[in-house]
Structures are given as structure tokens and as C-alpha cells.
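# Summary of the model geometry
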Amino acid sequence: MDPRIIVVTSGKGGVGKTTTTANLAVALAKAGYKTAAVDGDIGLRNLDVVLGLENRIVFNLVDVVEGACKLQKAMVRDKRVENLFLLPAAQTRTKDAVSAEQMLKLCDELRENFDITLIDSPAGIEQGFRNAAIGADEAIVVTTPEVSAVRDADRIIGMLESMSKSPIRLVLNRLRPAMVKSGDMIDVKDVLDILAIELIGVIPDDTSVVISTNKGEPLTLGDESLAAKAFSNVARRILGEEVPLLDLDAPDQKGFFGFLRKALGL
Amino acid sequence: MNFLARLFQLIGKEKSKETAKKRLQLVLIHDRTDISPEMMENLRKDLIGVISNYLDIEEEKIELDFSKEERSVALVASIPVKSVKRRAERRAEPA
Ligand SMILES: Nc1ncnc2c1ncn2[C@@H]1O[C@H](COP(=O)(O)OP(=O)(O)O)[C@@H](O)[C@H]1O
Ligand SMILES: [Mg+2]
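Read on for an overview of the structure. (Residues numbered from 1 in each chain as written. Chains lettered and ligands numbered in written order. Predicted model: local features only at pLDDT ≥ 70, side-chain atom pairs only at ≥ 80, totals over all residues. Heavy atoms only, no water.)

### Notes on the overall build of chain B
For clarity, the threshold we go by: Helix and strand definitions here come from DSSP, where helices need a minimum of 4 consecutive H or I residues and strands a minimum of 2 consecutive E residues; each element is numbered from the N-terminal end. Here's how the labels work: a residue is buried when its accessible area is under 20% of the maximum for its type, exposed when over 50%, partly exposed in between, all with a 1.4 Å probe on protein chains only. Residue contacts are defined here by distance: any two heavy atoms, one from each residue, within 4.5 Å place the two residues in contact. Accessibility throughout is a Shrake-Rupley quantity obtained with a 1.4 Å probe, and a residue counts as covered only by protein chains that appear here.
From N to C terminus, chain B includes three helices and four strands. Ordered by position in the sequence, the α and β elements of chain B form the string α-α-α-β-β-β-β. Across the 95 residues in chain B, those meeting the buried criterion constitute 19%. Across chain B, contacts joining residues at least 24 apart in sequence account for 51% of those joining residues at least 6 apart. Surface exposure of chain B reaches about 7,400 Å², of which carbon and sulfur atoms provide 54%.

Here it is in C-alpha cells:
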């Protein structure tokens, strides 16, 4: 496989870019690919804590692009999973500390050293997003089934298209099947109708995500939750496998008691 | 939600997801075509100019908007007519 660089982006903040990047990076590394998780959110570093690697950071992305240290030296190796490396963002610098040219050069170097690189993008459509996306070949757009998030995703997709990223694929995050059923949440099909891009996965809204972030242990490290499975499936689809979409209906919505509960509006 | 509210929701009211979808589709038409409110205003003025050559219209009551049908977008204008001009008043050639 040729080395691949994938930017994980969204437009709107708080929709799950960092969570997605962390879980996919772990799953891809577990699948045997040498994987770099790059925190492109300069100044608001987050990927390190979601991955649980915050105590191991010495150098960061800005040090690398400024030539203060070699890439290999800045990459934090994950001891839980073979093949997984984090390039942290700088916390005390702003996004102006990095130029587009520097990012392109960094991406060339990442390509030489890793099978797959995931770049966690900051929110917004400004320079920070552009820097995160500029060196990537492909894009994963994360959205939630909400009007504002889908609207921003549409804007970002337009920009990614004009930057010639391909493929551009969608992760629909935080879906709540019960709300979809009751007609109070836009469904997968609605979102795809509207955005007209390829779907690469649907992640349920799942309390296990919050717990895993609390602990700094991405779900794909070994959790049994539905969200963990959904993230693993996205990773498999990235690797070209055909994996059917998960049935996200929570167990308590199924069966006779589920029916009763729903009929009574409980 | 109490029983009555649920019943009303079942029989009459549109589900909030439908509302969300429609709103999104409309807002994206504007976003994608990048038609600014200013451009819409100019379009409205030009339309009034052209139509006034033929019809006496109520300018203040004109409604101009995009609507989305399945996969196509339509510009829908509602232009109340006060009266149709007499032949002689109409311009020979449209501007
Ligand atoms: N599928 C999910 N279920 C429940 N909570 C989620 C899910 N995805 C993300 N979250 C929560 O949403 C918040 C924002 O996620 P994050 O990945 O930091 O978003 P972003 O990087 O896009 O700003 C976090 O608190 C995270 O735990
Ligand atoms: Mg983030």
C-alpha cells in the first residue's frame, strides 16, 4: 500500500474529530499498519489526552517544522499498541506558528515513515484547517445529525473538493437511534441525501466514549461497546474492506419490552 | 411528554426531523450558490423593473425565494398583481 495521509475535519467544533482520529489511529495500528496520529490543532492540543499519551510528550509539531528536532524524536510511541505514534501539537504557540509550506514538507516526511497518517484538524475554515488539510491525500468529514453541524460539513466538503482531496468520506457521529425512530433526529439517509458524499461510518452516541476519554483509553483498544465496534468498522473500510453498517438499535429498544417502553414513551 | 401531546404529534404535526431536513436543504441552497442577500435584492429590483413594463404589481408584497424539489432547485416568486395594463401602456419591446 502506498503511504496515505487522511485529514479528519468538520467545520464545526465539538462534533468528534479528535475522538474519531484517536479511535481510528488505534484501530489502524492494531491492524498492523504503522500509523501516525498528528494533532493539527496547534495551540489547543487535545489528541494527546484523548489517546492518553499526554505525560510522554517532549517535543511537538512546531519543534519539528522549525527544525528544532527530528520527526522521529518528536513522535511519541504508544506502548499499548505496536505501530502507533503520536505527533503532538504545540500547546503554547498559535496556529500562525506553522506555514502551509512547512506542513507540506512535514507530510512528505510522514509519508516516508508511516503507512497511514491521520491528521486531526481544528474546527473552522481558516488557516488552521487549511494547514491540517493541505498535505493530506484524503479526507474524513465528521458531522453529527444536527442542522448546524451538517451545514458546516457541507461548507468544508466544498473546500476539500476545491483542494482536490479524494476520496472525501463522511463519519456520522453521535447518532441516537431512538430519536431517529421517533422522528426527532435526521437519519443517515437524510444526511447523505443532503451532503451527497460517500459514507464511511455511523457512530452511535455512546456514554462509553466519555468514559474512555476520561481514562485516556480509546475504545478501539479493546472495549466491547457499540461505538468501539463502529469505529473499528470505519478503520476496516479505510483499509478497503467491505463491512456492512452496524445495527445501532440499543438492546433496550428491541424486543417486546422495548416495544412496550417505546409505546408508553418511556 | 404526556399522552395528549404524543397523540397530537402522531396525527398532525410534522416531525422535527422533517423540519430540520427542509431547513437544511434550503439553507444549503443559499450557501452553495453563494447568493448574498444583496444579490437577491438586486434580482428583486430587476424583476420588478421588467414585470412593471407589463403589469401593475404590489412591490412590497413580492416574495422571492428558492425552493428545493427532489434534486432540482427552483426560484419561486410570488408577485401580487394589482391590475393588468391597457395595451397602449405596455411597452412594445421588453427591456
Ligand atoms: N459518539 C459519541 N458519543 C458520546 N460522546 C461523544 C461521541 N463522540 C464525541 N463525543 C464527545 O463529544 C465531545 C467532543 O468531541 P471531540 O472529539 O473533542 O470533538 P472535536 O475534536 O470535533 O472538537 C467530547 O466530550 C467527546 O467525548
Ligand atoms: Mg478536537
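### Regarding the nonpolar core
Residue and element names in this part refer to chain A. Put simply, the test is: Nonpolar cores are built from buried Ala, Val, Leu, Ile, Met, Phe, Trp, Tyr and Cys residues. Side-chain atoms within 4.5 Å join them into one set.
If you look at the biggest cluster of nonpolar residues, it comprises 55 residues, and the most contacted ones within it are Leu 61, Leu 87, Leu 106, Leu 110 and Leu 160. Of the residues forming this core, the biggest block, six residues, is contributed by helix 7 (residues 147–162). One finds Leu 51, Leu 118, Ile 140 and Val 209 within the second-largest nonpolar core, a separate group that totals 37 residues.

### Topic: the site of ligand 1
All names here are of chain A. The condition is simple: Nearness is defined per residue: one heavy atom within 4 Å of the molecule or strand is enough. Counting of polar contacts relies on pairs of N or O atoms within 3.5 Å, with two restrictions inside protein: one atom must be capable of donating a hydrogen and the other of accepting it, and residues adjacent in sequence are counted only when both atoms are side-chain atoms.
In the vicinity of ligand 1 there are 15 residues, among which Gly 14, Lys 17, Thr 18, Thr 19 and Asn 173 approach most closely. A distance of 3.0 Å separates a nitrogen atom of ligand 1 from a polar atom in the backbone of Pro 204. Here Asp 206 contributes a backbone N or O atom positioned 2.9 Å from a nitrogen atom of ligand 1. In isolation ligand 1 offers 560 Å² of accessible surface; the protein chains occlude 80% of this area. Of all the elements in the fold, those that place two or more residues in the shell around ligand 1 are helix 1 (17–30), strand 7 (168–175), strand 8 (198–204) and helix 10 (207–215). Per element, the largest residue contribution to the shell around ligand 1 is three residues, and it comes from helix 1.

### Some details on the side chain of Thr 144 of chain A
You can see Thr 144 of chain A is positioned in the loop between strand 6 (138–143) and helix 7. Ignoring any residue separated from it by four or fewer positions in sequence, one finds Thr 144 of chain A in contact with Val 15, Ala 149, Val 150, Leu 172, Asn 173 and Arg 174 of chain A.

### Looking at the interface of chain A and chain B
Convention followed: Buried area: the accessible surface (1.4 Å probe) lost by two parts on joining, summed over both. We define a salt bridge as a contact between a side-chain nitrogen of Lys or Arg and a carboxyl oxygen of Asp or Glu at a distance within 4 Å.
Taken together, the contact pairs 16 residues of chain A with 15 residues of chain B. Summed over both sides, the interface of chain A with chain B buries roughly 1,500 Å², with 52% coming from carbon and sulfur. Summed over the three residues of chain A that lose the most area to chain B, namely Val 147, Arg 151 and Ile 194 of chain A, the buried surface amounts to 38% of that side. Our count for the chain A to chain B interface comes out at five salt bridges. The partner of Asp 31 of chain B in a salt bridge is Arg 151 of chain A, with the nearest N and O atoms 2.6 Å apart. At the surface where chain A touches chain B, the tally comes to ten residue pairs in polar contact (both at pLDDT 80 or more).

### Some details on the side chain of Thr 117 of chain A
Residue and element names in this part refer to chain A. By the element assignment, Thr 117 lies in strand 5 (residues 116–120). Residue class for Thr 117 comes out buried when judged on its relative accessible area of 0%. Those residues within four positions of Thr 117 in sequence are excluded, and the remaining contacts are Arg 4, Ile 5, Ile 6, Ala 36, Val 38 and Leu 110.

### Topic: helix 10 of chain A
Residues and elements named next belong to chain A. Heads up, the condition is: Throughout, the arc means the angular range of directions from the helix axis out to the C-beta atoms.
Along helix 10, the positions that sit buried rather than exposed are Ser 208, Val 209 and Ser 212. For helix 10, the angular spread of the buried residues around the axis is 105°, confining them to a single face. Among the exposed residues of helix 10, those oriented more than 90 degrees off its buried face are Thr 207 and Asn 214. Its buried side turned inward, helix 10 meets helix 1 and helix 11 (226–238). Positioned one or two residues after helix 10, Gly 216 has a phi angle of 75°, which is positive.

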